[in-house]
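# Report on the structure
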Amino acid sequence: MKKELVIRSNSSAVDFALLNSGKLIELNKEIDSNKFSVGDIFISSIRKPVAGLNAAFVNVGYKKDGFLHYHDLGPRLSSVLKFVSLIQKGKKRDYLLSNFHFEKDIPKDGKIEDFIQPKQRILVQIVKEPISSKGPRVSSELSLAGRFMVLIPFSDRVSISQKIESKEEKSRLNKIVKSIRPKGFGIIIRTVAKNKKVAELDSDLQRLLNRWKNMCEKLTKVDKYPAKILSEINRSSSILRDIFDDNFTGIHVDDSEMFSEIKEYIQTIAPKKTSIVNLYESHVPIFERYGIERQIKTSFGKTVSMQKGSYLIIEHTEALHVIDVNSGNQSNRSKSKSQEESAFEVNMIAASEIARQVRLRDLGGIIVVDFIDLTSNENRKKLFEHLRNEMSNDKTKHKILPPSKFGLIQITRQRVRPEMNIKTKEPNPNQSNEVEAPIIILEKINAELDKITKHKNYRKGKIFLHIHPFIAAYLNQGIPSIRMKWFLKYNKWIQIIPRDAFFYLEFRFLDINKKFIKIK
């Protein structure tokens, strides 16, 4: 497995593309104007508690107030409020919590108006970025994420990632953490901490404690509310922190300043891997060089093509996402396979692509997948396990329910930032409407031609492709041309007929009798 991260930088945004053996599996964007990222911590003021919601609206400087539910206050709210007050009054200069006297925990099912009041100052952390017309969701139960662990101030809890299955390793990590954990701070051990040495874990802990101390120092200097007092580390470092592992073979970036930042960060977390960080300086845009632009155009539309002519239809509604699996040209399946076998094969291909699409588009909320009906319970079970396995690498919290009586599989996936939505349609040169991106037309022509040449009625007869003159010229250019590649693949010379009357992306296959060929 070859994992690479390709980073494209421009004046207003930075794009991060994660490739697995050359295939795009994750796409992220960091926008300079985004002042409300997951992980940012603000010193804010309560706008007003709302008893009916058992929540409060908090002014964090966004056009819509942040939403703070009672269950997000955290049991140590009283201790947090006391700590902030002592620091801002200059009565506490020791920012560690070993000598801090903790207050009594608030009850799990209390009323928010009993513990916070309007205009009260409070530390809150962004846990969900503003989405659509909603403001950010915030929590006063703070956490600082590191490479190997997450530091939880005002807590004594130690927990270890459930993905670390070995009891011996869990026991070893538990002993290490308890020996280095400062009083008053809880720790969550991340999956990547598996088999790491004490020195590596302690180094990560010290970096997090330094961030905590720097945040507390800023609290003493705040003179305007609300104020951001701790920013999540820059997106490149946070993405690397969450996805980087020993399987990475390359990190390619086209900006010299970011190249230096990333190399420095890799030096701190994996010194032996600094050589894989490369500065890209070619005149060919970096996303073009690694085939990412083409994959973006073909992956973000309503229809997503897969192997063997099958495809997905992805629809978005206000409440959920719906994914429909289609087999394409079922009549072209091998005669040795039954309908059940063919459906199972397409479903397995679809499950892998759905796991990729969910990560790529960062779909959140409820996702309903309509697979092709299967009659075998064993096949249904295999499909469900395959989908779970394919989504096991998705670090976003999610849950997959077994197939329903109607064969639907439901997925719930945490949404903490707006969905990745890329426009794949472009202006039509001949009309005032929009059409699919021209790069997609070749995918469609190839898929259609593949089905036609496999059909018994057209294996020997002539095939004519009627198409716009610009596209016709493109198909004929180069050595070998696309047309020549077709000849080598199908042992058939496709007659290309330029049509001035056609729209830019319009095409039709005709037979020798001038009849329109369409394989369903």
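Up top you'll find the structure we're talking about.
All figures in this text were calculated on a predicted structure; none of them were measured in a lab.

With that out of the way, let us pick up the nonpolar core. Within the largest apolar cluster, 38 residues are counted, with the highest numbers of intra-cluster contacts made by L123, I189 and W212. At the level of elements, β4 (41-50), α1 (77-88), β10 (149-153), α2 (167-180), β12 (185-189), α3 (198-219) and β13 (227-230) are the ones that each hand at least two residues to this core. Here the element with the most residues in this core is α3; it accounts for 8 residues. Residues contacting W212, with those up to four places away along its chain left out, are F83, Y95, L142, L144, P153, F154 and F185. Counting 27 residues, the second largest nonpolar core, distinct from the first, contains A355, L363, L383 and I411.

Structurally, the position occupied by S44 is in strand β4. At a separation of 3.5 Å, a polar atom in the side chain of S44 contacts the main-chain carbonyl oxygen of N59. S44 has contacts with V58, N59, V60, Q120, R121, I122, V124 and P226, leaving out every residue within four places of it along the chain.

The end-to-end C-alpha distance of helix α5 (residues 256-269) is 20 Å, a good match for the 20 Å that 14 residues give at a rise of 1.5 Å each. Those residues of α5 that fall on the buried side of the exposure criterion are M258, F259, I262, Y265, I266 and I269. Axial view of α5: buried residues confined to an arc of 135 degrees, hence all on one face. Of the exposed residues in α5, the ones pointing more than 90 degrees away from its buried face are E257 and E264.

It is worth spelling out the sheet that holds strand β24 (residues 464-467) at this point. Taken in spatial order, the 3 strands of this open sheet run β25-β24-β26, and their pairing is mixed. Each edge of the open sheet is held by one strand with a lone partner, namely β25 (495-498) and β26 (507-510). Taken over all neighbouring pairs, the strand axes of this sheet differ in orientation by 20 degrees on average, direction set aside. Pairing analysis gives 4 bridges linking β24 to β25, with the strands arranged parallel. Note that in β25 the partner of L465 across the bridge is I496.

Attention now moves to the sheet that holds strand β19 (residues 365-370). Taken together, 6 strands build an open sheet; the order of strands is β16-β17-β18-β19-β21-β20 and the sheet is mixed. The sheet is open, and its two edges are formed by β16 (303-305) and β20 (398-400), each paired on a single side. Across the sheet, the mean angle from the axis of one strand to that of its neighbour is 20 degrees, orientation sign disregarded. Pairing analysis gives 3 bridges linking β16 to strand β17 (residues 311-316), with the strands arranged antiparallel. Across the sheet, V304 pairs through a bridge with L312, a residue of β17.

Along the chain, Y225 connects to P226 via a cis peptide bond; the corresponding omega equals -5 degrees. For the peptide bond that leads from I479 to P480, omega is -5 degrees, which places it in the cis range. With a phi angle near 55 degrees, S21 is a residue other than glycine that sits in the positive phi range. Mapping S21 onto the fold places it in the loop between β2 (13-20) and β3 (23-31).

Where helix α8 (residues 339-361) contacts helix α9 (residues 377-390), the two axes come as close as 8 Å, and the packing angle between them is 15 degrees. As the angle between them shows, α8 and α9 are arranged roughly parallel. Our pair here, α8 against α9, has a crossing hand that is right-handed. Residues E340, F344, N347, M348, A351, S352 and A355 of α8 lie in contact with α9, whose contacting residues are N379, K382, L383, H386, L387 and E390. When grouped by side-chain class, the residues that make up the contact of α8 with α9 number 6 nonpolar, 4 polar and 3 charged.

Parameters and conventions
Throughout, a residue's number is its position along its own chain's written sequence, starting from 1. The predicted origin of the model limits local features to residues at a pLDDT of at least 70 and limits the giving and counting of side-chain atom pairs to 80 or more, whereas totals for whole chains, interfaces and linings rest on all residues. Side-chain measures here rest on the full set of heavy atoms in the structure, leaving out hydrogens and waters. For our purposes a nonpolar core is just a set of buried Ala, Val, Leu, Ile, Met, Phe, Trp, Tyr and Cys residues, chained together by side-chain atoms within 4.5 Å. For each residue, the accessible area found with a 1.4 Å probe, counting protein chains only, is set against the maximum for its type, and the residue is called buried under 20%, exposed over 50%, and partly exposed in between. Helix and strand definitions here come from DSSP, where helices need a minimum of 4 consecutive H or I residues and strands a minimum of 2 consecutive E residues; each element is numbered from the N-terminal end. The criterion used for residue contact is that any of the two residues' heavy atoms lie within 4.5 Å. By the criterion applied in these results, polar contacts are pairs of N or O atoms within 3.5 Å in which, for protein atoms, one can donate a hydrogen and the other can accept it, and in which residues neighboring in sequence qualify only through two side-chain atoms. Multiplying 1.5 Å by the residue count of a helix minus one yields the expected span of that helix. By construction, the arc corresponds to the directions joining the helix axis to the C-beta atoms. Two strands qualify as a pair provided DSSP detects at least 2 bridges between them. To get an axis, fit a line to the C-alpha atoms, keeping to the stretch in contact for a helix; angles then go from 0 to 180 degrees between the N-to-C directions. Any angle that is under 35 degrees is reported as roughly parallel, and any over 145 degrees as roughly antiparallel; angles of 65 to 115 degrees are reported as roughly perpendicular and all others as oblique. In this scheme the crossing of two helices becomes right-handed for a clockwise turn of the near helix relative to the far one and left-handed for an anticlockwise turn of less than a right angle. Residue polarity follows a fixed list, in which Ala, Val, Leu, Ile, Met, Phe, Trp, Tyr, Cys and Pro are nonpolar, Asp, Glu, Lys and Arg are charged, and the others, Gly among them, are polar.

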